[in-house]
Amino acid sequence: MTAARTYAIANRIVLQLVRDHRSMALIFVAPIMVMALVGFTFSDQEDTLDRIAPGLIATFTMIFTFMLTGVSFLRERTQGTLERLMMTPVGRGDILIGYLLGFAPFALIQASAILLFTTLGLRVHYQGELWQIAVLLVTLVIVAVNLGIFVSTFAKNEFQVIQFIPLILAPQIFLSGIIVPTDQMPGYFQMVARVLPLRYAVDGLRSIMIAGEPVTGIAKELGVLWAVALALLILAAWSLRRH
């Protein structure tokens, strides 16, 4: 694995997405439109919006990042770009880290749009500092990018990538404590929730935004998310080898 090869792959991904003006517009506009709809829905329920805001920020960050990465990486496969890369001396580590660094800036733009519109546009009340929230969101973005890359290796078309959303993301939404607190769920659901990354992202954001915990207070949540990100990267490398 070399820095020059990794940078070259990441730079190509960035330039490719920047040239796609329609995708760039959607990257900026889609998150704001969704959060604006959320704000309109809870316009008369400020306390409720304050309570669910951490969960919504984490959920939409993961959904948008997964879709962006999954569809874009699938195009790399279907267009033969990934196959050509695999036939060169470039290692799987270079490829995966390169794609991660290429997709991450755009995913971070979406996460930033969601966070800033929620806190400034919707005027959600929160504790802690924005940079502390950003630390957790950066970690969640890395998890979601790796998840999108790994899952897209099993899809044959964009429709199949979208079909993975209810299979992979819906259980996390329902079991991460956004709708029902995890400690009020049946024991078997609580066991499942312990391995879901979105659950730890939601818990971490709630600790910062509602309880006012510092970043050091969510070390467990950050540690689990980084472990999941690494595990997904290893699984993606195995999946590339399989292909």
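Report on the accompanying structure. (Residues numbered from 1 in each chain as written. Predicted model: local features only at pLDDT ≥ 70, side-chain atom pairs only at ≥ 80, totals over all residues. Heavy atoms only, no water.)

1. Observations concerning the layout of surface pockets
Working step 1: The space that makes up the largest pocket amounts to roughly 340 Å³.
Working step 2: Considering the residues around the largest pocket, the lining is formed by 13 residues, among which Ser23, Leu26, Ile27, Met67 and Leu68 are closest to the centre.
Working step 3: Of all the secondary structure elements, the ones that give two or more residues to the lining of the largest pocket are helix H2 (21-41) and helix H3 (46-78).
Working step 4: In terms of residue count, H3 provides more of the lining of the largest pocket than any other element does, 6 residues in total. (1 Å grid on protein atoms, 1.4 Å probe; cavity = no way out; pocket = protein on both sides within 12 Å on 5 of 7 lines; lining within 4 Å. Points joined across faces, edges and corners; volume = space filled by probe spheres on them. Helix = DSSP H or I, 4+ residues; strand = E, 2+ residues; numbered from the N terminus.)

2. Some thoughts on a nonpolar patch on the surface
Working step 1: A cluster of nonpolar side chains, namely Phe28, Val29 and Met33, defines an oily patch on the protein surface of about 290 Å² accessible area.
Working step 2: Position of methionine 33 relative to the elements: it lies in helix H2.
Working step 3: Look at methionine 33 and you get exposed, because its relative accessible area is 56%. (Patch = residues over 30% accessible without salt bridge, like charges linked within 9 Å, V, L, I, M, F, W, Y side chains within 5 Å. Areas by Shrake-Rupley, 256 points an atom, 1.4 Å probe, with all protein chains shown as cover. Salt bridge = Lys/Arg side-chain N within 4 Å of Asp/Glu carboxyl O. Buried < 20%, exposed > 50% of the residue type's maximum accessible area, 1.4 Å probe, protein only.)

3. Some details on the environment of leucine 100
Working step 1: Along the polypeptide, leucine 100 turns up in helix H5 (residues 92-121).
Working step 2: Assessed through its relative accessible area of 11%, leucine 100 is described here as buried.
Working step 3: Spatially, the C-alpha atom of leucine 100 lies 19 Å from that of glutamine 79, the residues being 21 residues apart in sequence.
Working step 4: Those residues in contact with leucine 100 that sit more than four places away from it in its chain are Ile142, Val145, Asn146 and Ile149. (Contact = heavy atoms within 4.5 Å.)

4. Remarks on H3
Working step 1: For H3, spanning 33 residues, the distance from its first C-alpha to its last is 46 Å, which sits close to the expected 48 Å at 1.5 Å a residue.
Working step 2: A maximum bend of about 50° is found in H3 at isoleucine 52, where proline proline 54 lies one to four positions downstream.
Working step 3: Among the 33 residues in H3, 25 count as buried, and that is most of the element.
Working step 4: Where H3 ends, the next residue or the one after it, glycine 80, has phi of about 85°, a positive value. (Expected span 1.5 Å × (residues − 1). Bend = angle between axes of the 7 residues up to and from the residue.)

5. Observations concerning the nonpolar core
Working step 1: Ranked by internal contacts, the top residues of the largest apolar core, which has 74 residues, are Phe60, Met62, Ile95, Tyr99 and Leu205.
Working step 2: The element that contributes the greatest number of residues to this core is H3, accounting for 15 residues. (Core = buried A, V, L, I, M, F, W, Y, C linked by side-chain atoms within 4.5 Å.)

6. Digging into H2
Working step 1: Counted at 1.5 Å a residue, the expected span for H2 with its 21 residues is 30 Å, and the 30 Å between its end C-alpha atoms agrees.
Working step 2: At valine 29, H2 is deflected by roughly 30°, the largest bend along its length, and proline proline 31 occurs up to four residues later in sequence.
Working step 3: Every buried residue of H2 is listed here: Ser23, Met24, Ile27, Pro31, Met35, Val38 and Gly39.
Working step 4: The inward-facing, buried residues of H2 abut helix H1 (3-19), H3 and H5.

7. What to know about the packing of aromatic side chains
Working step 1: Taken as a whole, this structure holds 4 aromatic pairs when the rule is applied.
Working step 2: Geometrically, the ring pair formed by tyrosine 99 and phenylalanine 103 is stacked, given 5.9 Å between the ring centres and 25° between the ring planes. Separated by 4 residues within a single helix, tyrosine 99 and phenylalanine 103 lie in helix H5, roughly one turn from each other. Comparing tyrosine 99 with phenylalanine 103, the two get one shared label, buried.
Working step 3: An aromatic cluster is present here, built from Phe73, Tyr99 and Phe103 joined pairwise through their rings.
Working step 4: Arginine 199 extends its terminal NZ or CZ atom over the ring of tyrosine 200, reaching a point 5.3 Å from the ring centre. (Phe/Tyr/Trp six-rings, centres within 6.5 Å; stacked < 30°, edge-to-face > 60°. Lys NZ or Arg CZ within 6 Å of the ring centre and 35° of its normal.)

8. Considering the side chain of threonine 65
Working step 1: Tracing the backbone shows threonine 65 in helix H3.
Working step 2: A polar atom in the side chain of threonine 65 sits 2.7 Å from the backbone oxygen of threonine 61.
Working step 3: Contacts of threonine 65, omitting those with residues within four sequence positions, involve Ala107, Gln110, Val141, Ala144 and Val145. (Polar contact = N/O pair within 3.5 Å; in protein donor to acceptor, adjacent residues only side chain to side chain.)

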